[in-house]
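Residues per chain, in single letters:
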Amino acid sequence: MSTIDAVAKHFNLEIIGSGDTEVTSVAMSSGYAGPGSLFIAVQGANGHGLDHLEDAISRGAVAVLSDRGSKARIPQLIHPNPRQIAGELSAMVFGTKDLDLKIFGVTGTNGKTSTAIYLHRLLEQMGVPSGLSSSALSLVAGEAVAGDLTTPEAPRLHWLLSEMAKSGAKAAVIEVSAQALVRNRVDGVLFDIAGFTNLSRDHLDDFDSMLDYLSAKSRLFTNQFAKRSVINCEDQFGEEMLQLVESKAVGIGNGLDYQAQEVDGNLLVQGKATLSASANLGALMSKNLGLAVVMLLEAGFEAEKTAAAIEAADLSVPGRLQQVAGSKPAVFIDYAHTPAAVAAACEEVKRLYPKFTLVLSASGDRDPGKRTEMGLAGGSFAATVVVTDQHPRSEDPAVIRKAVLDGVLQKLSRANVFEVAMPAEAIAKAVDLTESGEAILWCGPGHLKYREVKGVKIPFDAFEATKAALKI
């Protein structure tokens, strides 16, 4: 809790209106505003927050911070870029810098969600009550909390941390995107352990080059945000990230502090500590589990207790190489939406099922250059590919499909490639094309329960569509 006057003095802001108004929370979305809220109104992709000020006031907002004044009848604070102070301001109001929480952060292109969920599951299994903020789900005291970004805006993130602590949590796991790091969403948070999964092509609509993308990710490993860092060095980008780290760091890879790999269904970690546990996840998911385990070891957890937690915990991850139960052929649904992720998921399925059908889609309004590369990756592994739609957003879905098809057809003949626009019909087509001893991999939908078309989120469940196609 604070007052408008205290906030203004701390950030050297002018007050328009009364300064003795008490502020008990902070919100950047009017939907999250409540009694006692300071509403932060900023420019967004589709409008300005001031457009929603009256809604925030109707929900209980008592003051507003923005880059310009308004006709509001509540106290106003003005800052040229409110995002720059939103994190520290939220930490001040919610008191998050004084919480008794061990905070874990995970960034990278692929595997962030899986690593974050593994961390949460293992911490809980070891008797450490924990909160989770990820793109798949956010949990406070075991209850799901609504969210619409991989990493929430700073006020929402600090609110989550505060609620986790109030619920008795002793640890928090946060999935951190590159956009979050450059848009001030994790400002005011100091991570006890920060982890890096990998880097491959994605978000080049937001970043000018892979170097810029790497630089954005590297912010998490500065002394501003992390006390200790764990870097997975599976390729050149991992090695470069290890060189960029400011905070005390260890690396995972050949000749480094730790090695982590799957051996005959077991996760084997060697180096500064040794651990072996039965996980039976396959090479792809074991890599993510290995990062989570090393982060726990670096946080001070014992190897023996961590191994026991691995063998006792539920290690399924929503929409990440998740198999539709009881299906013939076997069907896996994965959230792969980058070329590297498509290739990795295909490689894992091909290891189990040498012949499989791939259902593949790409999203609109996101890095159009990666679509053909995704098709090329899929066509390099699958026997048959069905190209479909997922989130065309504001784009023409036919244009998106063509880009994916251009990549697929570099590897497969037209006879083995199909274009089916509607996703439910695409999975039904894949079922018709695939024998019972083979497999289907559906890349794109993952855990999501909607499709975004022309600004509207249409209810859609890939698992239910698959069950319908399989008649189970």
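Caption draft 1: Representation of the packing of aromatic side chains within the structure. In total, this model carries 3 aromatic pairs according to the counting rule given. Seen from their ring centres, Phe-196 and Phe-221 are 6.3 Å apart, and the 85° between their planes marks the pair as edge-to-face. In this pair, Phe-196 is assigned in strand β15 (residues 191–196) and Phe-221 in the loop between α7 (210–218) and β16 (226–232), connecting sequence segments 25 residues apart. Residue classification places Phe-196 among the buried positions, given a relative accessible area of 0%. For the ring pair Trp-442 and Phe-460, a centre distance of 6.2 Å and an interplane angle of 70° mean the geometry is edge-to-face. Of the two residues, Trp-442 is situated in strand β26 (residues 439–443) and Phe-460 in the loop between β28 (456–459) and α15 (462–470); the sequence distance between them amounts to 18 residues. One exposure class covers both Trp-442 and Phe-460, and it is buried. In this structure, Lys-457 packs its charged tip against the face of Tyr-450, placed 4.6 Å from the ring centre.

Caption draft 2: Inspection of the sheet that holds strand β21 (residues 322–323) at higher detail. In space, the 6 strands of this open sheet follow the order β21-β22-β26-β23-β24-β25, with mixed pairing throughout. One side of each edge strand has no neighbouring strand; the edge strands of this open sheet are β21 and β25 (417–419). Of the pairings in the sheet, the one linking strand β23 (residues 356–360) to strand β24 (residues 384–387) comprises 4 bridges and is parallel in character. For Val-359, the partnering residue across the bridge sits in β24 and is Val-386.

Caption draft 3: Broad picture of the sheet that holds strand β8 (residues 63–66). Within the open sheet, the 5 strands sit side by side as β2-β9-β8-β5-β4. Their pairing is mixed. Of all strands in the sheet, those with a lone pairing partner are β2 (15–16) and β4 (25–27), marking the two edges. Here β2 pairs with strand β9 (residues 76–78) via 2 bridges, running antiparallel. Each bridged residue has a counterpart across the sheet, and for Ile-16 the counterpart in β9 is Gln-76.

Caption draft 4: Geometry of the packing of helix α14 (residues 423–433) against α15. With their axes 9 Å apart at the nearest point, α14 and α15 run at an angle of 40° to one another. The orientation of α14 with respect to α15, classified from their angle, is oblique. Crossing of α14 against α15: the hand is right-handed. Within the contact between the two elements, α14 uses Ala-424, Ile-427, Ala-428 and Val-431 and α15 uses Ala-465, Thr-466, Ala-469 and Leu-470. When the residues that make up the contact of α14 with α15 are grouped by side-chain class, the tally is 7 nonpolar, 1 polar and no charged.

Rules behind the numbers
- Residues numbered from 1 in each chain as written.
- Predicted model: local features only at pLDDT ≥ 70, side-chain atom pairs only at ≥ 80, totals over all residues.
- Heavy atoms only, no water.
- Phe/Tyr/Trp six-rings, centres within 6.5 Å; stacked < 30°, edge-to-face > 60°.
- Helix = DSSP H or I, 4+ residues; strand = E, 2+ residues; numbered from the N terminus.
- Buried < 20%, exposed > 50% of the residue type's maximum accessible area, 1.4 Å probe, protein only.
- Lys NZ or Arg CZ within 6 Å of the ring centre and 35° of its normal.
- Pairing = 2+ DSSP bridges.
- Axes fitted to C-alpha atoms, helices over the stretch in contact; angles between N-to-C directions.
- Parallel < 35°, antiparallel > 145°, perpendicular 65-115°, else oblique.
- Left-handed = near helix turned anticlockwise from the far one by under 90°.
- Contact = heavy atoms within 4.5 Å.
- Nonpolar A, V, L, I, M, F, W, Y, C, P; charged D, E, K, R; others polar.

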